[in-house]
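One-letter residues, chain by chain:
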Amino acid sequence: MPTAIIADDERLMRDQLRMRLGQVWPELEIIGEAKNGDEAIELVDQLKPDFTFLDIRMPGKTGMEAATVIGNKSHIVFVTAYDAYAVEAFERGAVDYVLKPPEQERLQITVDRLKTRMSKPGAAADVNASVTAMLSQLAEKITAPKPTYLQWIQASIGQDLRMIPVEEILFFRSDEKYTCVQTERYEALIRKPVRDLAEELDPALFWQIHRATLVNVNAIEGVTRDIRGRHLVMIKGKPDKLEVSRSFLHLFKQM
């Protein structure tokens, strides 16, 4: 019967991981629990578990430091809330890396990898190959430079020029010549078309719902239909209703 220990300074997290492991791998026997890296090292020496589930951030010795001492005495799986540690985790020889709170589906993948490693003498290379692929993806995600989006819009209000923080803008709506910038307090005009703004604004904050319209997702109150069957976005605190083109309706399927 395979054995494991769990090391985490939070009792609730240890209990949750024990429960999740019991669901996806009933045969696995949890033979010990540790509250920090030093206790984990002691338990590995005393109990010689097949696997050690290590939290990365713990008092005393961290999970990373404990993994260095444990070495190849036990196969290590890091369980942590911080995916920024992924690259270092695999450099320390981890079999896998699971984010808190451990989801059953993701933990099942980890268990399958651990079973593969146990069942075949040469399986470690295959497991390491899949882990290396995952590491490469995580490394790209962690190290890739984040895109720079517009933070301010320079717009005209009469004879005045305003610098408007993008988070204050409810929506942009273009006509043939200008683009209207609508905030809660006023309306301004710019010459930049929506197609250019769509490339320069954070797509998580502004959704393009029409070839001529961008809307701040935080300003959306809901979606309705008119008597012609058109989908219209309602804006919080405003009478405006913005038409949604058919090609952008997928954005609202979850609403």
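Residues numbered from 1 in each chain as written. Predicted model: local features only at pLDDT ≥ 70, side-chain atom pairs only at ≥ 80, totals over all residues. Heavy atoms only, no water.

- Looking at an unreviewed UniProt entry, one finds the protein chain named Response regulator, with Duganella vulcania as its source organism.

### A word on the overall build of the protein chain
Line of reasoning, step 1. When its secondary structure is counted, the protein chain shows seven helices and 15 strands.
Line of reasoning, step 2. Expressed as a percentage of the 255 residues in the protein chain, the buried residues total 42%.
Line of reasoning, step 3. At a minimum sequence separation of 6, the contacts of the protein chain that also span at least 24 residues come to 48%.
Line of reasoning, step 4. For the protein chain, the exposed area adds up to about 14600 Å²; of that, 49% sits on carbon and sulfur atoms. (Helix = DSSP H or I, 4+ residues; strand = E, 2+ residues; numbered from the N terminus. Buried < 20%, exposed > 50% of the residue type's maximum accessible area, 1.4 Å probe, protein only. Contact = heavy atoms within 4.5 Å. Areas by Shrake-Rupley, 256 points an atom, 1.4 Å probe, with all protein chains shown as cover.)

### Observations regarding the pattern of salt bridges
Line of reasoning, step 1. A complete count under the given rule lists 10 salt bridges for this structure.
Line of reasoning, step 2. Between Glu33 and Arg18 there is a salt bridge, and its shortest N-O distance comes to 2.7 Å. Of this pair, Glu33 sits in strand β2 (residues 29-34) while Arg18 is found in helix α1 (residues 11-24), placing the two residues 15 residues apart along the sequence.
Line of reasoning, step 3. The exposure class of Glu33 is partly exposed, given its relative accessible area of 27%.
Line of reasoning, step 4. In this structure, the salt-bridge partner of Arg230 is Asp226, at a minimum N-O distance of 2.6 Å.
Line of reasoning, step 5. Each of Arg14, Arg18 and Glu33 takes part in one network of salt bridges that share partners. (Salt bridge = Lys/Arg side-chain N within 4 Å of Asp/Glu carboxyl O.)

### Some thoughts on the side chain of Asn36
Line of reasoning, step 1. Counting through the fold element by element, Asn36 comes out in the loop between β2 and α2 (37-47).
Line of reasoning, step 2. Reaching out from Asn36, the side chain makes a polar contact with the backbone nitrogen of Glu39 at a distance of 2.8 Å.
Line of reasoning, step 3. Leave out the neighbours within four places in its chain, and Asn36 touches Met58, Pro59 and Lys61. (Polar contact = N/O pair within 3.5 Å; in protein donor to acceptor, adjacent residues only side chain to side chain.)

### A closer look at the packing of α2 against helix α3 (residues 63-70)
Axes are the key here: two packed helices are described by the angle between their axes and the distance separating the axes.
Line of reasoning, step 1. Where α2 meets α3, the closest approach of the two axes is 9 Å, and the angle between their N-to-C directions is 25 degrees. Judged by the angle between their axes, α2 and α3 are roughly parallel. In the crossing of α2 with α3, the sense of the turn from one axis to the other is right-handed. Here Gly37, Ile41 and Val44 of α2 lie close against α3, whose contacting residues are Ala66, Val69 and Ile70. (Axes fitted to C-alpha atoms, helices over the stretch in contact; angles between N-to-C directions. Parallel < 35°, antiparallel > 145°, perpendicular 65-115°, else oblique. Left-handed = near helix turned anticlockwise from the far one by under 90°.)

### Some remarks on the side chain of Thr110
Line of reasoning, step 1. Position of Thr110 relative to the elements: it lies in helix α5 (residues 104-119).
Line of reasoning, step 2. Side chain to side chain, Thr110 and Arg106 meet in a polar contact 3.0 Å long.

### Side note on the sheet that holds strand β13 (residues 220-225)
Line of reasoning, step 1. One open sheet holds the three strands; their spatial order is β13-β14-β15, and the pairing between them is antiparallel. The open sheet has two edge strands, β13 and β15 (241-244), and neither has a second partner. Pairwise comparison of adjacent strand axes, ignoring direction, gives a mean angle of 30 degrees for this sheet.
Line of reasoning, step 2. With four bridges connecting them, strand β14 (residues 231-235) and β15 associate as antiparallel partners. (Pairing = 2+ DSSP bridges.)

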